[in-house]
Amino acid sequence: MPLSVGIIGCGRMGQQYVDVYNTLPGTELVAIAEHNPERRRVVGERFGINALFADAREMLAHVTPDVVAVVLPGKYIHDAVLAAVEAGVRGVSTDKPIGAVLADVDEMVDACAEAGIVFGGGNLQRAMTSVQQAANRLQAGEFGEIIGASVHRYGGEISGGGCQHIAVLRRLTGAEVTEVIAWGEPAEALQQESDEGLQINGQFRLSNGLVCPVFPRDTPHRGVDVWTQDALVRWDWGDPQIFTGLDDNGQRIEIDPNYAPAEYPQFTYLGTSIQSFISVVERGVEHENELFISGRDLRQSLEVAIAAKHSALRGSVPLSLPLEDRSLSLHPVDYRWLGGDQSGRPQTLDEAAGNA
Ligand SMILES: NC(=O)c1ccc[n+]([C@@H]2O[C@H](COP(=O)([O-])OP(=O)(O)OC[C@H]3O[C@@H](n4cnc5c(N)ncnc54)[C@H](O)[C@@H]3O)[C@@H](O)[C@H]2O)c1
């Protein structure tokens, strides 16, 4: 029996989810919840789905799919995830950023954990098979002991795009961020509710004892470096580069990392993210720590971003994680929080129909 799938939110990103679920063997799209009536009609026709609903609660009152993919603007994720938990799905996934207020995200993580429901992440680079393979090799000790890590370009949107950095850093190092000290600029960006334009300088203390410098802009790199005595693994968006040893000029030597390719390369990391999610739902929630990207990972990314902002706001005080004050928040930019229709970047019907 294939796993039945419901998509909640079928805008730009939700339509990509549908393409993946329609391609993977072992899953069957059965329902779509989409708020915008014209887009709902068009995506229903495009994907051949008659079970069309206005929102999560309406959908779940009629049908309980095995898995539900919540692909909504941030403001609406919390309610949809809790509705899926109440309906008794086997797995629910969301995308980034998972929310704005820590307590809301805790509620989602706890509700899934208490009900034994797999809580998946979404379309993040951490889910690339190459990132997973590089991390496995680092942690197996292939390059020796990890002795350093750094984060580059943690700025602009630390909750939106910066989410990617924290998720990859934790996976490559196999460590948690346990303390954040940060400096933030410009001053106006620190005062506002959203992460728009905020640039963070700082350092993260990791659970393996390392202190990881954080740079706000291109160094010229834009991702995460992790190094051992004579090797460097560099995630700079895309497949991580691997360097081992030095040439006669003392320059690092890049090697062919020989990554095994993804099964559905056309879907890049959304495909591998969903494959890993489906595999864990099939095998059971006790395998949840094998998810390439989970709801918990998204919470950690948000929590680090919030800690960075608040450390900077309070004069670069060290803040320990988990943060004590769960009422703290950081909103993403309007497009991520409210979606295209409300932020002025609506998807046209032609695009939604797959014609543009
Ligand atoms: N991981 C990534 O690379 C990435 C990239 C883009 C977007 N995203 C995330 O994906 C999510 C969706 O982004 P998008 O680009 O598809 O946005 P979008 O605005 O194109 O689509 C969102 C859709 O959800 C619908 N919607 C809004 N509220 C709803 C509700 N309560 N119930 C049902 N439908 C509702 C809207 O009508 C719209 O069609 C956001 O969380 C965004 O941050 C992630």
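Residues numbered from 1 in each chain as written. Predicted model: local features only at pLDDT ≥ 70, side-chain atom pairs only at ≥ 80, totals over all residues. Heavy atoms only, no water.

Asker: Is there a simple way to explain helix 4 (residues 77-87) in this structure?
Answerer: For helix 4, the set of buried residues is Ile77, Ala80, Val81, Leu82, Ala83, Ala84 and Val85. Buried-residue contacts for helix 4 involve strand 1 (3-8), helix 3 (56-62), strand 4 (67-70), strand 5 (91-93), helix 5 (102-115) and strand 6 (118-120). Gly88 sits one or two positions beyond helix 4 and adopts a positive phi of about 90°. (Buried < 20%, exposed > 50% of the residue type's maximum accessible area, 1.4 Å probe, protein only. Helix = DSSP H or I, 4+ residues; strand = E, 2+ residues; numbered from the N terminus. Contact = heavy atoms within 4.5 Å.)

Asker: So what exactly am I meant to see when it comes to the layout of surface pockets here?
Answerer: Space left empty within the atom packing is revealed by a probe, the size of a water molecule, rolled over the atoms. Considering only enclosed or pocket space, the largest pocket measures out at about 980 Å³ in volume. Lining the largest pocket we find 40 residues, and of these Gly9, Val71, Leu72, Pro73 and Gly339 sit closest to its centre. Secondary structure elements with two or more residues in the lining of the largest pocket: helix 1 (12-23), helix 3, helix 4, helix 11 (334-338) and helix 12 (340-343). For the lining of the largest pocket, the leading source of residues is helix 1, giving four residues. (1 Å grid on protein atoms, 1.4 Å probe; cavity = no way out; pocket = protein on both sides within 12 Å on 5 of 7 lines; lining within 4 Å. Points joined across faces, edges and corners; volume = space filled by probe spheres on them.)

Asker: What's the story with empty space enclosed by the protein in this structure? I'm lost.
Answerer: Scanning the entire structure with this criterion turns up one cavity of 30 Å³ or more. Considering only enclosed or pocket space, the largest cavity measures out at about 60 Å³ in volume. Forming the boundary of the largest cavity are Tyr17, Ser93, Gly120, Gly121, Gly122, Leu270, Ser273, Ile274, Ser276, Phe277, Leu291 and Ile293. Here the lining of the largest cavity takes five residues from helix 9 (residues 268-283), the largest share from any one element. Grouping the constituent residues of the lining of the largest cavity by class yields six nonpolar, six polar and no charged. (Nonpolar A, V, L, I, M, F, W, Y, C, P; charged D, E, K, R; others polar.)

Asker: Would you mind showing me how to read the pairing of strand 9 (residues 177-185) here?
Answerer: Inspection of the sheet shows strand 9 paired to strand 10 (residues 196-206) by eight bridges, in the antiparallel sense. Paired with Val180 across the strands is Phe204, a residue of strand 10. Sheet topology note: the strand 9/strand 16 (residues 319-320) ladder contains two bridges and is antiparallel. When the sheet's bridge partners are listed, Val180 is paired in strand 16 with Leu319. (Pairing = 2+ DSSP bridges.)

Honestly, it's all geometry; don't read function into it.
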